[in-house]
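# Observations on the model geometry
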Amino acid sequence: TLETVVLVDQMPNIEVSPSEVEICLGQEFDLIASGATDYLWSNGETTGQVTIFADANQSLTVEGINGLCNQVRTVPITVLPSPEVEITSSATSINTGSGIQFGVGNSNAGSYAWDFADGGTANFAIPYHEFMFAGAYSVILNGSIGSCLDSDTLLVYVGTVGIESVNMNQISIYPNPTSDYLYFNSDHTVVFDLTIYDSQGKMIKKFLNNSDYLEVSLRSYSRGVYFVRLTVDGKSQVSKVIKE
């Protein structure tokens, strides 16, 4: 009688998550293999989970091994072009009520979205924006090519040099927020210039008033933030108004 021992290895059933990858250039992602005891990736890694840097289109394979049995899976990796975004500006420090011409420099995005941190936005490459209130603003530019994004941030300082405040006790502005009309009222006749800007700093209305009362309709304008500049005797003050 002759006896022998036969070892039977189980055939692995390999699963890889995700099974295919579409990712932006320069990003990292993880691939996780399961269903075997040991693993061998085509990039030399021997663990169940690997981190890949997306630098070019490729197909990555993993061999799952149980003893003498093995199975191979292939993961196609598509790398999408990523934008490079850069903010340029005509200034980084201005007086209250002044504006800055922004640009995109050597950026190569297909579309752009600006956030001026004061409620104002723009979706074109070279916007001009006026800042109505003093403070430090982190202006953000987002650029995209398809689903791939990049962003840049620029800190802008807005001061009050050369701008004196109107005594707002002279003129009342109401209601705020408003859904229709905006009223300006004083207890005596006041000559003042009135300018209304939208959230992107674009002038939408301008008046010269020489009475004790003025009403301005905002009915035809969309909801959002508006800025009202009153100028009396060469002195200006800006107020924020919400249109509901």
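Note that the structure is predicted; figures quoted are calculated from it, not measured. (Residues numbered from 1 in each chain as written. Predicted model: local features only at pLDDT ≥ 70, side-chain atom pairs only at ≥ 80, totals over all residues. Heavy atoms only, no water.)

## With respect to the overall build of the protein
To keep it simple, the criterion reads: Put simply, DSSP H or I for four residues or longer makes a helix, DSSP E for two residues or longer makes a strand, and each gets a number counted from the N terminus. Here the globule rule is a power law, 2.2 Å times the number of residues to the power 0.38, and the radius of gyration is based on C-alpha atoms. Relative accessibility thresholds used throughout: buried, under 20% of the residue-type maximum; exposed, over 50%; partly exposed, between the two (1.4 Å probe, protein chains only). Throughout, a residue-residue contact means that at least one pair of heavy atoms, one from each residue, lies within 4.5 Å. To measure how exposed things are, a 1.4 Å probe is used in the Shrake-Rupley method; for residues, cover is taken only from the protein chains shown. For the charge count, each Lys or Arg is scored as positive and each Asp or Glu as negative, with His and the chain ends excluded. Note on charges: their place is set at NZ of Lys, CZ of Arg, CG of Asp or CD of Glu.
Across its full length, the protein carries 0 helices and 20 strands. At 31 Å, the protein has a C-alpha radius of gyration far larger than the 18 Å of a compact globule built from 244 residues. Along the longest, intermediate and shortest principal axes, the C-alpha atoms of the protein span 125 × 35 × 25 Å. Here the protein holds 244 residues, and 36% of them are scored as buried. The long-range share in the protein, meaning contacts at least 24 apart out of those at least 6 apart in sequence, stands at 53%. Summing over all exposed atoms, the protein offers an accessible surface of approximately 13700 Å²; the carbon and sulfur share of this is 48%. Where the 10 positive side-chain charges of the protein centre and where its 27 negative ones centre are 22 Å apart.

## Notes on the packing of aromatic side chains
What describes a pair of aromatic rings is the distance from one ring centre to the other and the angle between the planes of the rings. Note the following rule: Note on aromatic pairs: the rings of Phe, Tyr and Trp (six-membered ring only in Trp) are paired at centre separations within 6.5 Å, and the planes decide the class, stacked below 30 degrees, edge-to-face beyond 60, tilted for the rest.
As enumerated under the stated definition, the model contains 10 aromatic pairs in all. Note on W114 and F116: the rings are 6.0 Å apart at their centroids and 10° apart in plane angle, and the pair reads as stacked. This pair shows no difference in class: W114 is buried, exactly as F116 is. Seen from their ring centres, Y183 and Y213 are 6.2 Å apart, and the 25° between their planes marks the pair as stacked. Taken together, the residues Y183 in strand β17 (residues 181-197) and Y213 in strand β18 (residues 203-217) connect sequence positions 30 residues apart. Residue Y183 is classed as partly exposed on the basis of its relative accessible area, which comes to 22%.

## Comments concerning the sheet that holds strand β5 (residues 49-53)
Put simply, the rule is: Strands pair, by our definition, only if DSSP identifies at least two bridges between them. Note on definitions: angles span 0 to 180 degrees between N-to-C directions of axes, and those axes are lines fitted to C-alpha atoms, for helices only across the stretch in contact.
Spatial ordering of the open sheet is given by β1-β3-β5, a layout of 3 strands whose pairing is antiparallel. Only two strands of the sheet have a single neighbouring strand rather than two, namely β1 (15-17) and β5. Neighbouring strand axes in the sheet, compared pairwise and without regard to direction, differ in orientation by 25° on average. As judged from the 5 bridges shared by strand β3 (residues 28-34) and β5, these two strands associate in the antiparallel manner. Pairing of I32 across the sheet is with Q49, part of β5.

## Notes on the sheet that holds strand β2 (residues 21-24)
Taking strand neighbours across the sheet as the criterion, the 4 strands line up as β2-β7-β6-β4 in an open arrangement whose pairing is mixed. Each edge of the open sheet is held by one strand with a lone partner, namely β2 and β4 (38-41). Strand after strand, the sheet turns through a mean of 25° between neighbouring axes, direction not considered. One ladder, built from 4 bridges, connects β2 with strand β7 (residues 69-80); its direction is parallel. Bridge pairing in β7 links V21 to I77.

## Some thoughts on the environment of S179
In this structure, S179 sits in the loop between β16 (172-174) and β17. For S179, a relative accessible area of 49% gives the class partly exposed.

## Thoughts on unusual backbone geometry
Note the cis peptide between Y174 and P175, where omega equals -15°. Among the secondary structure elements, P175 is positioned in the loop between β16 and β17. The residue A117 is not glycine, and still its phi comes out positive at about 70°. In this fold, A117 is placed in the loop between β11 (111-115) and β12 (121-122).

## Describing the confidence of the model for the protein
Reading predicted coordinates in detail is not appropriate for stretches of low pLDDT. As a reminder of what qualifies: Per residue, pLDDT captures the predictor's confidence, and it can take any value from 0 to 100.
Averaged over every residue, the pLDDT of the protein is 86; residues scoring 70 or more account for 93%. Across the protein, β4 holds the top mean pLDDT of 96, while strand β20 (residues 235-243) sits lowest at 78.

## Topic: the environment of I52
Along the polypeptide, I52 turns up in strand β5. When the C-alpha atoms of I52 and Q27 are compared, they prove to be 8.5 Å apart, with 25 residues separating the residues in sequence.

## Description of the pairing of strand β6 (residues 58-66)
The pairing of β4 with β6 spans 4 bridges and is antiparallel. Directly across from D38, in β6, lies its bridge partner I65. Linking β6 to β7, which pair antiparallel, is a turn of 2 residues; within it G67 sits at a positive phi near 60°.

## Some thoughts on the side chain of N66
Quick reminder of the rule: Any pair of N or O atoms that falls within 3.5 Å is considered a polar contact. Within protein, one atom must be able to donate a hydrogen and the other to accept it, and sequence-neighbouring residues count only if both atoms are side-chain atoms.
Secondary-structure assignment places N66 in strand β6. A residue is classified by how much of its surface remains accessible, and N66, at 12% relative accessible area, is buried. At 3.1 Å, the side chain of N66 and the backbone oxygen of Q10 are in polar contact. When residues no more than four places from it in sequence are discounted, the contact partners of N66 are D9, Q10, M11, P12, G35, A36 and T37.

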